[in-house]
Protein chains: 4
Amino acid sequence: MNAVLSPASAPASVRADNKFTDYKVADMSLAQWGRKEIAIAETEMPGLMALREEYADTRPLAGARIAGSLHMTIQTAVLIETLIKLGAQVRWASCNIFSTQDHAAAAIAAEGIPVFAYKGESLDDYWEYTHRIFEWSGGGAGDAASTPNMILDDGGDATLLIILGSRAEEDPSVIANPTNEEEQALFAAIRKRLSTSPGWYSARRANIRGVTEETTTGVHRLYEMQKKNELPFPAFNVNDSVTKSKFDNLYGCRESLVDGIKRATDVMIAGKIALVCGYGDVGKGCAQSLRGLGATVWVTEIDPICALQAAMEGYRVVTMDEVCDQADIFVTATGNLRVITHDHMLRMKDQAIVCNIGHFDSEIDIASVQKYQWENIKPQVDHVIFPTGRRIIVLAQGRLVNLGCATGHPSFVMSSSFTNQVLAQMELWQNGASYQKNVYVLPKHLDEKVARLHIKKLGVKLTELTEEQASYLNLDKNGPYKPALYRY
Amino acid sequence: MNAVLSPASAPASVRADNKFTDYKVADMSLAQWGRKEIAIAETEMPGLMALREEYADTRPLAGARIAGSLHMTIQTAVLIETLIKLGAQVRWASCNIFSTQDHAAAAIAAEGIPVFAYKGESLDDYWEYTHRIFEWSGGGAGDAASTPNMILDDGGDATLLIILGSRAEEDPSVIANPTNEEEQALFAAIRKRLSTSPGWYSARRANIRGVTEETTTGVHRLYEMQKKNELPFPAFNVNDSVTKSKFDNLYGCRESLVDGIKRATDVMIAGKIALVCGYGDVGKGCAQSLRGLGATVWVTEIDPICALQAAMEGYRVVTMDEVCDQADIFVTATGNLRVITHDHMLRMKDQAIVCNIGHFDSEIDIASVQKYQWENIKPQVDHVIFPTGRRIIVLAQGRLVNLGCATGHPSFVMSSSFTNQVLAQMELWQNGASYQKNVYVLPKHLDEKVARLHIKKLGVKLTELTEEQASYLNLDKNGPYKPALYRY
Amino acid sequence: MNAVLSPASAPASVRADNKFTDYKVADMSLAQWGRKEIAIAETEMPGLMALREEYADTRPLAGARIAGSLHMTIQTAVLIETLIKLGAQVRWASCNIFSTQDHAAAAIAAEGIPVFAYKGESLDDYWEYTHRIFEWSGGGAGDAASTPNMILDDGGDATLLIILGSRAEEDPSVIANPTNEEEQALFAAIRKRLSTSPGWYSARRANIRGVTEETTTGVHRLYEMQKKNELPFPAFNVNDSVTKSKFDNLYGCRESLVDGIKRATDVMIAGKIALVCGYGDVGKGCAQSLRGLGATVWVTEIDPICALQAAMEGYRVVTMDEVCDQADIFVTATGNLRVITHDHMLRMKDQAIVCNIGHFDSEIDIASVQKYQWENIKPQVDHVIFPTGRRIIVLAQGRLVNLGCATGHPSFVMSSSFTNQVLAQMELWQNGASYQKNVYVLPKHLDEKVARLHIKKLGVKLTELTEEQASYLNLDKNGPYKPALYRY
Amino acid sequence: MNAVLSPASAPASVRADNKFTDYKVADMSLAQWGRKEIAIAETEMPGLMALREEYADTRPLAGARIAGSLHMTIQTAVLIETLIKLGAQVRWASCNIFSTQDHAAAAIAAEGIPVFAYKGESLDDYWEYTHRIFEWSGGGAGDAASTPNMILDDGGDATLLIILGSRAEEDPSVIANPTNEEEQALFAAIRKRLSTSPGWYSARRANIRGVTEETTTGVHRLYEMQKKNELPFPAFNVNDSVTKSKFDNLYGCRESLVDGIKRATDVMIAGKIALVCGYGDVGKGCAQSLRGLGATVWVTEIDPICALQAAMEGYRVVTMDEVCDQADIFVTATGNLRVITHDHMLRMKDQAIVCNIGHFDSEIDIASVQKYQWENIKPQVDHVIFPTGRRIIVLAQGRLVNLGCATGHPSFVMSSSFTNQVLAQMELWQNGASYQKNVYVLPKHLDEKVARLHIKKLGVKLTELTEEQASYLNLDKNGPYKPALYRY
């Protein structure tokens, strides 16, 4: 399949063979534009391009059939095509209903790669597409070739679908009582599938060699399952590679939060009070960028260590209850739910901007204000109008503002994250049998390798240890350089 | 006319009377969206809104017929409607072929206000529209009512047109030899008008009470004319109000440069080398925002004082000749021409990003690379492909990147600039006779008033001088507070 | 005299001739240490050293007898020796009772230069020494050679002494009613001198060709006198050279405020709330450095423009009344008096740190808390203990914290200020007759020259205008580059 | 013993009983000044003060005899007195020959606490004093009461002494061949002791229940010993508590590096090129503070991950070989040796400043330039004069610049570190038997406790999880909040 991939600098050639229909995208006419942007992105993703070069011949992912659930963006397109260059087959869906870049999806479909994603999907479509990445053409239900053997996940929805579906095969009660709109759609989708294809989920579960997971939230779910011995296969925690969590989460959000807010609202950041909920890596990046433009940044935190870090940077640490009527811009980055409640929103200033860059839209209790009048300003930007006449501006309906209102993280930092993904897929595919049904992180030497593949592009000149120094520090000159618990 | 202006929070009502045709915009169906954004912008433009309130009854601009040439954006729409609320009539064109926001123009036209602007105008249309703001309906050529009596200018093109046209009436040779594409279009437009309406320019010039000018570049032109005693009417230099040059130029660009680059390219700023040409207020804002996101910022300067300022902030001051093959992002902010030459571009790295946030597109010698292959990525984003195969990314064809690729400065800072504009228009309109044919700045107490109208929105609490303190400092408690040469 | 000056890198040679006694310093044994530090400072003061080189032969200050009143520090020593190298004779006193560096004073005295200064002078000594810089050896009272012919002033005390003394000769009532401790000492000194040497002041006033003044405060006094036509000679406002006020005030304080606070208290800045009173150039520098270390910075302002600037940088603008019980560190930078009052101090938190980096110690109402218990921690650091048991830490008794608790601004930025001083002395000395009895600033080309003399040391590479560019901008390629009202 | 400790706010009372002679300090007359500063420091060390309050009654360290080797500063005085308040006996030495604050040592001795430290100790005295903290008065060599039972270490010298001494008892060859000046002194001290007191080391080693270690370097040594199974007792790695390494190392150095450089040299940071060697927590703090004052900061690194972090913050990553002739200020923060070599120093610019804030003075190869002329400017500040005539300024002879030239980290951040120390001492003392001879870190809930004890002082308001949120995250509302590998 990778034979059809056009080189980075050549014009995109949409497949002459127009019979390929195994995809669902918004508009195939965007493919050429998408291909141009992919070509540019490749120049900003040195880690992935280096892997393509290094493994062009050995194709270590040959035989892997990867079900991918991750925001279908330009950067993901470069990831997908890297996986294919390394020998894998893939089927792809987005892991967020608003995050797809339609020109990226079209460019991927134009290469004959099965992809199911459009910006602004319904929840029903979302789960339908998440099912479709598990439907490999080929034999019948029991035929391994008709299922994927790897999952590449972001947020854990693909993994959840297979595991929850399998449990529901045995105990339908687990999907009986949805507690929110998302669960309604998910449970309905599972019920429908079970009615038509009994055993569909467990058949797939049986064939999965493992999953590599991208995000804090998804990883949290995996550890929870590990704790309860419910993991059906090994998992790689890509999120906690240093070159992921300390780069994508921190530096990515530093660049993409304001980008999203600006594209949505054109608002002046300087002089505003911005409240960042959560001072983890994501919150740290957000706070830094908002201050960089002249906002007064306040922070909320539950963890005293992170709170002390915020204080050491000069951010006042406050509570939402106290200040929800004072801030101008609210950003949630907690991974928690209902951090901004109905009552908080009701007390906000007129034209306050409310957005989320954590994982789920439940950080803001959007459901609780659905009953008020919404006035759409432009895509992903809404006024919620309270009975008092006051309005707040909700971005991306509480979903990820950087992906909903802008284009997500920039290519370079995603290259760092995705290079970890590819290395994790390679490790699981090649050595999966040697892992328990537990959650693993990549060994430090691979983490350092990811960094090494990215610094050259930036003109970084690394110092090499002398023999004397290496011996003094008792280190291999080529690393790894730090003990396991080093925090960077 | 202002009776039809809808209140900020009410839905836009397009005029029932559809016979109004004295406008040229891209798409009237965008009017409602434009009106929503104008309503939001009003909440961010406290200075203009305060003037509307203060002068609602006295309508100090009654009788003024303003020919306005300034980027037709959402913020300008609030300016226009403020001028009208204060009693003026206006006709409007954009001062840049790429800077119009079509939904803003449509919303203005929908109110029955004559506006001539669309994003991506040809140069011929540009000068045609600049003529049209001087064509008031009413009597014949000699009838004062058929001409404007005030100019509100940005960059000086409207003023230039009237003055150059008038000179050409006497000496056609001044428009005989265009030296570039822009002059070709301008000279041709003047020749055409002169052939059909002899005396058109001088008739208008005679009726103009004065001009208020927005930018460094336009102000520079005015001082040049003053030096040569060629100013035909008094001029207010709005640019050099502190609340303009130290706010719009500095804080506006700090927010809008990266916004433009990001919307155009989605590029990661962190880790890149960004070269800012010119360390005036605009350059200072650009440098700060690029560093805030983790770029290494280098600066070029001709002025040793500004160069020393850059050095004091830790920016290396370099020359383009030395580093044009090392930087990743180039930003011109000089007000000069050919700061980036053909040879510089030829030596740049593959995928280097080149953009301008100064005034004219001549800062980058775009003309010199027109001969190479250009590949359009998306509107305002082009690859220039050199014979070597190397590509650079040119934004907005070298025109203002923040207006061409994003939406310009945010409303709040434009409120500061535009409040100065309105105060200057009021002063000239009411007291124009008391001014010589020179360039003036607003008195400090008005400058302070502009600030005063904006700080409340930000929750600023000003300290008041005690009697003892005012007496010690020999100041009026209500200001002005600083000597004339204070630099802020 | 300059023959005895040792070259920068050579060891100091104390004059063999031990009969020189025309000085008053704390401890001559510190001279050698002082000389070493002067030698280092010379390497950091490129502007002064360049003037020494440029004018070594022509000695343009030959004949000038300069009465200097300016903090007697290491940097001032380099200034003094530069003046001498250029041909001047000088007599020197400090302009602040706490700012003398005793090793600097000793090193100057060791060269046979009359200097009168020690750290921690009494007010009586202070005014005594200010008189002594006006007592030139030579003829009698009426002999011009027995008086100086130039003043170099900082804060205006030397100028004030001569002018007030002269007025008192005619109208003793002007020194009849001192309103504070400082005036008591000053008036007493004048009365004493008048009783012994009638006509002493006016004899000196008559011989002064002009004054060059260093600071905002001193300049303010000069403009007040100009307004009232009370200036007896022309004055140069050195403070408002760009390369002074925008460098020394801003960058100097950015480095020296925290330095002073740290040497005095070793306190952690991170996490603290720091309140900066006044957001002029000094306040801007202070705020930046405090935030740079992780403080939350709040600002008080009377001027809405400066307040808006503070807000644009993300500092909350508050009033002292509201927050004096919340902040941890208080810094005054206003040039005003009683900005921090008795009641403010009484309400402060235990261990709050209070200091001043404006001009006079009256910014903090120290007099009002003299009645409480003071416990000295170490030199320039006191606990004021309120009856409640709460303590605040007062630095340098409210005088300049950077000079009282540290060593003032670093050499490099003082070189910029002092190069302006020398240029102003040269201009006044050589062309004084062509000036009115008004206050002048240096022409822009000299301002630019000062910058030019300093950038090389920092590796700055200036871009030169091409002919085409200079012509386009209508500028001389060698400057000046900016219009008069440009604010940098 | 703790009965004699004066309460924080009361004046120090020097023991009436003047017979106490079990100490060695520089000058007992400094005791009262030291006591005043200790009283102030207590107000900035909320963690330690909270422990005093919490454990005043239970005295959990009763019976512990702690041999402490840690910089004898004001902050350490508060630590020492906290240990005593909790029931311990202590004997104390400094772990660095230049880091003692003599007034702090005097104040401790004045309380009758055995302390052996003065600023500028010889290496012989240093090792003599390190022996003395192990000599408890009481019975003979074999009597447990005559030895300590706990070590509190910084850098590992106390631990090293006991372990190396014990090994030398069995195999004298291990101390036969010193390779540098430090080893010469150490080995000589051990030989001397062995000749007079055979079995002295192993007797002590046998009684030690465990060690708590403060620094990266000391911890590194402990892990090396653990790897080789050479640890004779359990060890607590205090350094890797989040509230130590991410606070003291990062925020402490951010405040104390420039403080040290300024007190030593008064140099202007703005405009200089500063090279920071090593971008770990210490290097990160250094880089941030230097940039905050306007330096151009360059970084050297061996670890590609840390190098990429530096690049993401806009620091150019270079090699010493390339740039040693360009930078103005050199700071080592690597924990490595000979990072700055003889040849690097020879190539440096005149007046380049060279200092170390890592652990040992071997980061800079000071030994290699001992052969050149040294000229002392003032304590801890030397010119090294090369045969070329060029001079470099070496601070603290290459030892820790913040402790040698200033007063080390501020109290607040040391409170965070030392609260970890006390908790580790308590855990080891009370539960030491349950630990293996391995290296341990404190459990996360104690780490969070340390933070919790410090945020109140800063006005931080922590958000509490709702039941619903805690359940969603599957967390205890009271923490711990993060997984083990979370990096903060």
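Before any of the text, the structure's been laid out above.
Residues numbered from 1 in each chain as written. Chains lettered and ligands numbered in written order. Predicted model: local features only at pLDDT ≥ 70, side-chain atom pairs only at ≥ 80, totals over all residues. Heavy atoms only, no water.

Focus: the packing of helix α1 (residues 31-43) of chain C against helix α3 (residues 74-85) of chain C
Helix packing geometry: the angle between the two helix axes and the distance between the axes. Residues and elements named next belong to chain C. Close contact between α1 and α3 brings their axes to 9 Å; oriented N to C, the two are set at 75 degrees. By the criterion of interaxial angle, the relationship of α1 to α3 is roughly perpendicular. Here G34, R35, E37, I38, A41 and E42 of α1 come into contact with α3, specifically with I74, A77, V78 and E81. Residues that form the contact of α1 with α3 fall into these classes: five nonpolar, one polar and four charged. (Axes fitted to C-alpha atoms, helices over the stretch in contact; angles between N-to-C directions. Helix = DSSP H or I, 4+ residues; strand = E, 2+ residues; numbered from the N terminus. Parallel < 35°, antiparallel > 145°, perpendicular 65-115°, else oblique. Contact = heavy atoms within 4.5 Å. Nonpolar A, V, L, I, M, F, W, Y, C, P; charged D, E, K, R; others polar.)

Considerations on the relation of the copies chain C and chain A
It takes a turn of 180 degrees to lay chain C on chain A, together with a shift of 0.0 Å along the axis; the resulting RMSD is 0.1 Å. One copy is carried onto the other by what is essentially a two-fold rotation axis. By C-alpha distance to the rotation axis, the residue of chain C lying nearest is T296(C), at 4.7 Å. When the interface residues of chain C are mapped onto chain A, 100% of them are again interface residues, pointing to one common binding face. (Least-squares fit on C-alpha atoms with pLDDT ≥ 70 in both.)

Regarding the interface of chain D and chain A
In this complex, chain D contributes 68 residues to the contact, which on the side of chain A involves 68 residues. Roughly 6500 Å² of surface becomes buried between chain D and chain A when both sides are summed, with 58% attributable to carbon and sulfur atoms. Three residues, I302(D), I305(D) and R487(D), lead the burial of chain D against chain A; their summed loss comes to 12% of the area buried on that side. Remark: the boundary between chain D and chain A carries eight salt bridges. Seen at the junction of chain D and chain A, the total is 28 residue pairs in polar contact (both at pLDDT 80 or more). Within the residue set of the side of chain D that touches chain A, elements represented by two or more residues are α9 (216-227), α10 (242-265), α11 (281-292), α12 (304-312), β9 (316-317), α17 (444-455) and α18 (467-473) of chain D. Examining the composition of the side of chain D that touches chain A, we find that eight residues originate from one element, α12(D), more than from any other. Taken together, the residues that form the side of chain D that touches chain A break down as 31 nonpolar, 17 polar and 20 charged. (Buried area = accessible area lost by both parts, 1.4 Å probe. Salt bridge = Lys/Arg side-chain N within 4 Å of Asp/Glu carboxyl O. Polar contact = N/O pair within 3.5 Å; in protein donor to acceptor, adjacent residues only side chain to side chain.)

Some words on the pattern of salt bridges
Inspection of every chain in the model, using the stated rule, returns 108 salt bridges over all chains. Residue D22(B) pairs with R132(B) through a salt bridge whose shortest N-O separation is 3.5 Å. Note that D22(B) is positioned in the segment before α1 (31-43) and R132(B) in helix α5 (residues 123-132), a separation of 110 residues in sequence. Residue class for D22(B) comes out partly exposed when judged on its relative accessible area of 22%. On the basis of relative accessible area, R132(B) is assigned to the partly exposed category, the value being 25%. R391(B) serves as the salt-bridge partner of E375(B), at 3.5 Å between the closest nitrogen and oxygen. You can see E375(B) sitting in strand β12 (residues 373-378) and its partner R391(B) sitting in strand β14 (residues 391-395), a full 16 residues away along the chain. Linked by salt bridges that have partners in common, D22(A), R91(A) and R132(A) make up one network. (Buried < 20%, exposed > 50% of the residue type's maximum accessible area, 1.4 Å probe, protein only.)

Purely spatial values, then, with no claim about function.
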